[in-house]
Amino acid sequence: MGGIPGMDGEPVVVERVAGTGGELVLRRAGEHLEIIGNGVFLMDTRNGESERLLVRAAVAGLRAPVRLLIGGLGVGFSLAEALLLPQVAQVTVVERERAVIGWHRTLLCPWSRGALDDPRVTLEHADLLDVVADPATGPFDALCLDIDNGPDWTVTPDNARLYGPEGLELLAARLTHRGVLAVWSANTAPRFEALLRERFARVEARRVPVPRGEPDIVYLAREALPAAGLTPA
Ligand SMILES: C[S@@+](CC[C@H](N)C(=O)[O-])C[C@H]1O[C@@H](n2cnc3c(N)ncnc32)[C@H](O)[C@@H]1O
(Lines give C-alpha, C1' and ligand atoms only; values in the text may rest on other atoms or scores of the structure.)
Protein backbone atom coordinates (compact mmCIF):
# COMPACT_ATOMS: atom_id res chain seq x y z
CA MET A 1 0.00 0.00 0.00
CA GLY A 2 1.42 3.33 -0.92
CA GLY A 3 1.14 6.18 1.63
CA ILE A 4 1.74 9.88 1.12
CA PRO A 5 5.38 10.25 0.00
CA GLY A 6 7.54 11.48 2.89
CA MET A 7 4.93 10.76 5.57
CA ASP A 8 6.20 7.25 6.39
CA GLY A 9 9.66 8.31 7.59
CA GLU A 10 11.51 7.68 4.30
CA PRO A 11 12.92 11.12 3.26
CA VAL A 12 11.51 12.62 0.08
CA VAL A 13 12.72 15.76 -1.65
CA VAL A 14 10.28 18.65 -1.30
CA GLU A 15 12.42 21.20 -3.14
CA ARG A 16 15.85 21.24 -4.74
CA VAL A 17 17.37 24.59 -5.75
CA ALA A 18 20.72 26.02 -6.77
CA GLY A 19 21.93 27.98 -3.74
CA THR A 20 24.80 30.41 -3.12
CA GLY A 21 26.81 27.68 -1.41
CA GLY A 22 25.94 24.80 -3.77
CA GLU A 23 22.77 22.78 -4.18
CA LEU A 24 20.19 23.19 -1.45
CA VAL A 25 17.62 20.50 -0.70
CA LEU A 26 14.59 20.53 1.58
CA ARG A 27 13.42 17.01 2.46
CA ARG A 28 10.46 15.70 4.39
CA ALA A 29 10.84 12.62 6.62
CA GLY A 30 7.65 11.77 8.46
CA GLU A 31 6.54 14.91 10.29
CA HIS A 32 10.03 16.40 10.07
CA LEU A 33 11.96 18.53 7.60
CA GLU A 34 15.66 18.37 6.75
CA ILE A 35 17.98 20.87 5.07
CA ILE A 36 20.94 19.62 3.05
CA GLY A 37 23.38 22.20 1.69
CA ASN A 38 26.12 21.40 -0.81
CA GLY A 39 25.68 17.70 0.02
CA VAL A 40 26.14 18.31 3.78
CA PHE A 41 23.28 17.43 6.14
CA LEU A 42 22.89 20.80 7.89
CA MET A 43 19.81 20.77 10.08
CA ASP A 44 16.48 19.12 10.74
CA THR A 45 13.43 19.85 12.86
CA ARG A 46 13.79 16.80 15.19
CA ASN A 47 15.60 18.10 18.25
CA GLY A 48 17.15 21.58 18.44
CA GLU A 49 18.29 21.37 22.06
CA SER A 50 21.88 22.46 21.39
CA GLU A 51 20.77 25.11 18.86
CA ARG A 52 18.59 26.63 21.61
CA LEU A 53 21.37 26.34 24.18
CA LEU A 54 23.68 28.23 21.80
CA VAL A 55 21.52 31.31 22.34
CA ARG A 56 20.43 30.74 25.95
CA ALA A 57 23.99 30.20 27.21
CA ALA A 58 25.30 33.23 25.33
CA VAL A 59 22.66 35.55 26.73
CA ALA A 60 22.62 34.16 30.30
CA GLY A 61 23.93 36.73 32.74
CA LEU A 62 23.63 39.67 30.32
CA ARG A 63 21.37 42.47 31.46
CA ALA A 64 18.79 44.04 29.12
CA PRO A 65 18.91 45.39 26.48
CA VAL A 66 20.84 42.68 24.66
CA ARG A 67 21.74 42.99 20.95
CA LEU A 68 22.26 39.63 19.36
CA LEU A 69 23.49 38.34 16.00
CA ILE A 70 22.53 34.86 14.84
CA GLY A 71 24.58 33.43 11.98
CA GLY A 72 22.58 30.87 10.01
CA LEU A 73 18.77 30.72 10.09
CA GLY A 74 18.46 26.96 9.44
CA VAL A 75 15.09 25.73 10.69
CA GLY A 76 14.83 28.67 13.10
CA PHE A 77 15.28 26.99 16.50
CA SER A 78 17.98 29.45 17.62
CA LEU A 79 16.03 32.48 16.44
CA ALA A 80 12.76 31.37 18.06
CA GLU A 81 14.63 30.75 21.33
CA ALA A 82 16.21 34.23 21.27
CA LEU A 83 12.79 35.84 21.06
CA LEU A 84 11.68 34.03 24.22
CA LEU A 85 14.45 35.61 26.30
CA PRO A 86 13.18 38.76 28.01
CA GLN A 87 16.50 40.64 27.93
CA VAL A 88 16.84 40.31 24.14
CA ALA A 89 15.96 43.64 22.50
CA GLN A 90 17.27 43.21 18.94
CA VAL A 91 18.23 40.23 16.82
CA THR A 92 20.07 40.38 13.50
CA VAL A 93 19.83 37.12 11.56
CA VAL A 94 22.29 36.52 8.75
CA GLU A 95 21.42 33.86 6.15
CA ARG A 96 23.00 33.51 2.72
CA GLU A 97 20.43 31.19 1.14
CA ARG A 98 17.34 32.87 -0.30
CA ALA A 99 15.52 29.51 -0.42
CA VAL A 100 15.98 28.95 3.35
CA ILE A 101 14.47 32.36 4.04
CA GLY A 102 11.57 31.55 1.68
CA TRP A 103 10.87 28.22 3.41
CA HIS A 104 10.20 30.16 6.64
CA ARG A 105 7.22 31.76 4.89
CA THR A 106 5.84 28.29 4.17
CA LEU A 107 6.88 24.85 5.46
CA LEU A 108 9.37 25.96 8.16
CA CYS A 109 7.11 28.66 9.62
CA PRO A 110 5.84 26.41 12.46
CA TRP A 111 9.43 25.97 13.71
CA SER A 112 10.51 29.60 13.59
CA ARG A 113 7.02 30.57 14.82
CA GLY A 114 6.75 33.59 12.53
CA ALA A 115 9.93 35.07 14.05
CA LEU A 116 10.92 36.82 10.84
CA ASP A 117 7.90 39.13 11.31
CA ASP A 118 8.86 40.05 14.88
CA PRO A 119 9.71 43.78 15.12
CA ARG A 120 12.89 42.94 17.10
CA VAL A 121 14.27 40.94 14.15
CA THR A 122 16.33 42.25 11.24
CA LEU A 123 17.05 39.73 8.51
CA GLU A 124 20.20 40.13 6.43
CA HIS A 125 20.29 38.02 3.30
CA ALA A 126 24.08 37.93 3.10
CA ASP A 127 27.19 35.88 3.66
CA LEU A 128 28.15 35.95 7.34
CA LEU A 129 31.83 36.33 6.46
CA ASP A 130 31.09 39.55 4.55
CA VAL A 131 28.93 40.83 7.39
CA VAL A 132 31.58 40.32 10.08
CA ALA A 133 34.27 41.82 7.81
CA ASP A 134 32.28 45.08 7.58
CA PRO A 135 33.47 47.55 10.27
CA ALA A 136 29.95 49.06 10.29
CA THR A 137 28.52 45.78 11.67
CA GLY A 138 27.59 45.72 15.35
CA PRO A 139 28.82 45.78 17.98
CA PHE A 140 26.73 42.97 19.45
CA ASP A 141 26.44 41.61 22.98
CA ALA A 142 26.29 38.09 21.62
CA LEU A 143 27.34 36.47 18.35
CA CYS A 144 25.66 33.06 18.03
CA LEU A 145 27.17 31.22 15.09
CA ASP A 146 25.83 28.04 13.56
CA ILE A 147 26.48 28.11 9.81
CA ASP A 148 28.29 24.76 9.57
CA ASN A 149 28.47 21.39 11.28
CA GLY A 150 31.40 22.88 13.18
CA PRO A 151 34.79 24.58 12.71
CA ASP A 152 36.26 21.35 11.25
CA TRP A 153 33.22 20.41 9.12
CA THR A 154 32.16 23.37 7.05
CA VAL A 155 29.39 23.36 4.44
CA THR A 156 31.63 25.15 1.92
CA PRO A 157 35.44 25.60 2.08
CA ASP A 158 35.14 29.43 2.31
CA ASN A 159 33.34 29.20 5.65
CA ALA A 160 36.51 27.79 7.26
CA ARG A 161 38.01 31.33 7.31
CA LEU A 162 35.56 32.23 10.09
CA TYR A 163 37.24 29.86 12.55
CA GLY A 164 40.87 30.82 11.91
CA PRO A 165 42.89 33.61 13.56
CA GLU A 166 41.69 36.30 11.08
CA GLY A 167 38.06 35.24 11.48
CA LEU A 168 38.32 35.35 15.27
CA GLU A 169 39.92 38.79 15.00
CA LEU A 170 36.90 40.07 13.05
CA LEU A 171 34.45 38.42 15.43
CA ALA A 172 36.17 39.88 18.50
CA ALA A 173 35.96 43.33 16.87
CA ARG A 174 32.17 42.97 16.43
CA LEU A 175 31.58 42.36 20.18
CA THR A 176 30.78 44.88 22.91
CA HIS A 177 33.06 44.87 25.97
CA ARG A 178 30.65 42.47 27.71
CA GLY A 179 30.12 40.48 24.50
CA VAL A 180 29.98 36.69 24.15
CA LEU A 181 30.98 34.63 21.14
CA ALA A 182 29.05 31.34 20.91
CA VAL A 183 29.89 28.74 18.25
CA TRP A 184 28.02 25.49 17.58
CA SER A 185 29.83 22.28 16.61
CA ALA A 186 28.72 18.70 15.99
CA ASN A 187 31.97 17.47 17.55
CA THR A 188 34.92 18.67 19.59
CA ALA A 189 37.24 21.00 17.67
CA PRO A 190 40.49 21.11 19.71
CA ARG A 191 42.42 23.38 17.30
CA PHE A 192 39.58 25.89 17.29
CA GLU A 193 39.30 25.77 21.08
CA ALA A 194 43.06 26.47 21.35
CA LEU A 195 42.66 29.50 19.06
CA LEU A 196 39.75 30.74 21.16
CA ARG A 197 41.92 30.49 24.28
CA GLU A 198 44.61 32.61 22.61
CA ARG A 199 42.07 35.33 21.77
CA PHE A 200 39.66 35.28 24.77
CA ALA A 201 40.29 35.20 28.52
CA ARG A 202 37.31 32.97 29.34
CA VAL A 203 36.49 29.96 27.17
CA GLU A 204 34.11 27.13 27.91
CA ALA A 205 32.91 24.09 25.92
CA ARG A 206 29.39 22.92 26.82
CA ARG A 207 28.56 19.35 25.84
CA VAL A 208 24.97 18.61 24.89
CA PRO A 209 24.12 14.87 24.72
CA VAL A 210 22.23 13.86 21.58
CA PRO A 211 20.12 10.70 21.06
CA ARG A 212 22.76 9.15 18.76
CA GLY A 213 26.49 9.74 18.37
CA GLU A 214 28.89 12.29 19.86
CA PRO A 215 27.49 15.12 21.97
CA ASP A 216 27.02 18.49 20.29
CA ILE A 217 29.37 21.20 21.57
CA VAL A 218 28.68 24.86 22.21
CA TYR A 219 31.85 26.93 22.55
CA LEU A 220 31.47 30.10 24.60
CA ALA A 221 34.19 32.78 24.62
CA ARG A 222 34.18 35.96 26.71
CA GLU A 223 36.54 38.86 27.41
CA ALA A 224 38.46 39.36 24.19
CA LEU A 225 42.18 39.85 24.78
CA PRO A 226 44.11 42.61 23.01
CA ALA A 227 44.89 41.55 19.43
CA ALA A 228 48.46 40.28 18.95
CA GLY A 229 50.82 43.18 18.36
CA LEU A 230 48.42 45.77 19.80
CA THR A 231 48.86 47.41 23.18
CA PRO A 232 45.65 48.29 25.06
CA ALA A 233 44.90 52.03 25.17
C1 LIG B 1 23.07 24.35 10.72
S2 LIG B 1 22.00 25.49 9.98
C3 LIG B 1 21.58 26.61 11.28
C4 LIG B 1 20.72 25.98 12.33
C5 LIG B 1 20.07 27.00 13.26
N6 LIG B 1 20.91 27.27 14.41
C7 LIG B 1 18.73 26.50 13.71
O8 LIG B 1 18.39 26.70 14.89
O9 LIG B 1 18.00 25.91 12.91
C10 LIG B 1 23.14 26.48 9.03
C11 LIG B 1 22.52 27.64 8.28
O12 LIG B 1 23.58 28.56 7.93
C13 LIG B 1 23.44 28.96 6.57
N14 LIG B 1 24.79 29.36 6.10
C15 LIG B 1 25.82 28.55 5.75
N16 LIG B 1 26.90 29.27 5.44
C17 LIG B 1 26.56 30.57 5.60
C18 LIG B 1 27.28 31.80 5.45
N19 LIG B 1 28.56 31.83 5.05
N20 LIG B 1 26.63 32.96 5.69
C21 LIG B 1 25.32 32.95 6.11
N22 LIG B 1 24.59 31.81 6.27
C23 LIG B 1 25.21 30.64 6.03
C24 LIG B 1 22.84 27.75 5.90
O25 LIG B 1 22.21 28.11 4.68
C26 LIG B 1 21.86 27.24 6.96
O27 LIG B 1 20.61 27.86 6.85
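A quick note: this is a predicted structure, and the numbers were derived from the prediction, not measured.

### Describing the packing of aromatic side chains
In the structure shown here, the tally under the stated rule is 2 aromatic pairs. Each ring, one from tyrosine 163 and one from phenylalanine 192, has its centre 5.7 Å from the other, and the planes form 85°; the classification is edge-to-face. Here tyrosine 163, found in the loop between strand 8 (140-145) and helix 6 (165-173), pairs with phenylalanine 192, found in helix 7 (residues 190-199); they are 29 residues apart in sequence, far enough to count as distant. With a relative accessible area of 3%, phenylalanine 192 lands in the buried category. Judged by centre distance (5.6 Å) and plane angle (80°), the rings of phenylalanine 192 and tyrosine 219 are edge-to-face. One end of the pair, phenylalanine 192, is in helix 7; the other, tyrosine 219, is in strand 11 (residues 216-224), and 27 residues separate them in sequence. Each of the two residues, phenylalanine 192 as well as tyrosine 219, counts as buried. Ring pairs connect the aromatic residues Tyr163, Phe192 and Tyr219, which therefore count as one cluster. Between arginine 52 and the ring centre of phenylalanine 77, over which it is positioned, the NZ or CZ distance is 4.4 Å. Lying across the ring of phenylalanine 140, arginine 67 places its NZ or CZ 4.8 Å from the centre.

### With respect to the pattern of salt bridges
What the rule picks out here adds up to 16 salt bridges. A salt bridge links arginine 56 to glutamate 81, with the shortest nitrogen-to-oxygen separation between them at 3.1 Å. Here arginine 56 is found in helix 1 (residues 49-59), whereas its partner glutamate 81 is found in helix 2 (residues 77-82), with 25 residues between them in sequence. As a salt-bridge pair, arginine 206 and glutamate 204 come within 2.6 Å of each other at their nearest N and O atoms. Here arginine 206 falls in the partly exposed class, since its relative accessible area comes to 31%. Judged by relative accessible area, glutamate 204 falls into the partly exposed class, the value being 29%.

### Observations regarding the site of the ligand
Near the ligand you find 23 residues, and of these Val75, Ser78, Glu95, Leu128 and Asp146 are the closest. Contact with the protein chains removes 99% of the 610 Å² of surface that the ligand exposes when unbound. Of all the secondary-structure elements, those providing two or more residues to the shell around the ligand are strand 4 (40-44), helix 2, strand 6 (88-95) and helix 5 (128-133). Grouping the constituent residues of the shell around the ligand by class yields 12 nonpolar, 5 polar and 6 charged.

### Points about the sheet that holds strand 4
Read from one edge to the other, the open sheet built from 4 strands follows the order 1-2-3-4, with strand pairing classed as antiparallel. At either end of the open sheet lies a strand with only one pairing partner, and these are strand 1 (12-19) and strand 4. Looking at each pair of strands side by side, their axes are set apart by 20° on average, direction ignored. By the bridge criterion, 7 bridges tie strand 1 to strand 2 (residues 22-29) in an arrangement that is antiparallel. Across the sheet, the residue bridging to valine 13 is arginine 27, located in strand 2.

### A few points about unusual backbone geometry
Omega for the peptide link from alanine 64 to proline 65 comes to 0°, which places this bond in the cis form. Within the secondary structure layout, proline 65 lies in the loop between helix 1 and strand 5 (66-71). Cis rather than trans, the peptide bond between glycine 138 and proline 139 has omega equal to 0°. Positive phi outside glycine occurs at asparagine 38, with the angle close to 55°. Judged by its relative accessible area of 36%, asparagine 38 is partly exposed.

### Topic: the sheet that holds strand 9 (residues 175-185)
The strand order 7-6-5-8-9-11-10 describes an open sheet built from 7 strands, whose pairing is mixed. Each edge of the open sheet is held by one strand with a lone partner, namely strand 7 (121-125) and strand 10 (200-208). Each adjacent strand pair in this sheet contributes to an overall mean axis angle of 15°, direction not counted. Bridge count for strand 8 against strand 9 is 5 bridges, and the pairing is parallel. Looking across to strand 9, one finds that cysteine 144 is bridged to alanine 182. Relative to the sheet, helix 6 contacts strand 8, strand 9, strand 10 and strand 11, its axis offset from that of strand 9 by approximately 135°. Against the sheet, helix 7 makes contact with strand 9, strand 10 and strand 11, and its axis sits at roughly 150° relative to strand 10, the strand it touches most.

Cut-offs applied
Residues numbered from 1 in each chain as written. Predicted model: local features only at pLDDT ≥ 70, side-chain atom pairs only at ≥ 80, totals over all residues. Heavy atoms only, no water. Phe/Tyr/Trp six-rings, centres within 6.5 Å; stacked < 30°, edge-to-face > 60°. Helix = DSSP H or I, 4+ residues; strand = E, 2+ residues; numbered from the N terminus. Buried < 20%, exposed > 50% of the residue type's maximum accessible area, 1.4 Å probe, protein only. Lys NZ or Arg CZ within 6 Å of the ring centre and 35° of its normal. Salt bridge = Lys/Arg side-chain N within 4 Å of Asp/Glu carboxyl O. Near = heavy atom within 4 Å. Areas by Shrake-Rupley, 256 points an atom, 1.4 Å probe, with all protein chains shown as cover. Nonpolar A, V, L, I, M, F, W, Y, C, P; charged D, E, K, R; others polar. Pairing = 2+ DSSP bridges. Axes fitted to C-alpha atoms, helices over the stretch in contact; angles between N-to-C directions. Contact = heavy atoms within 4.5 Å.

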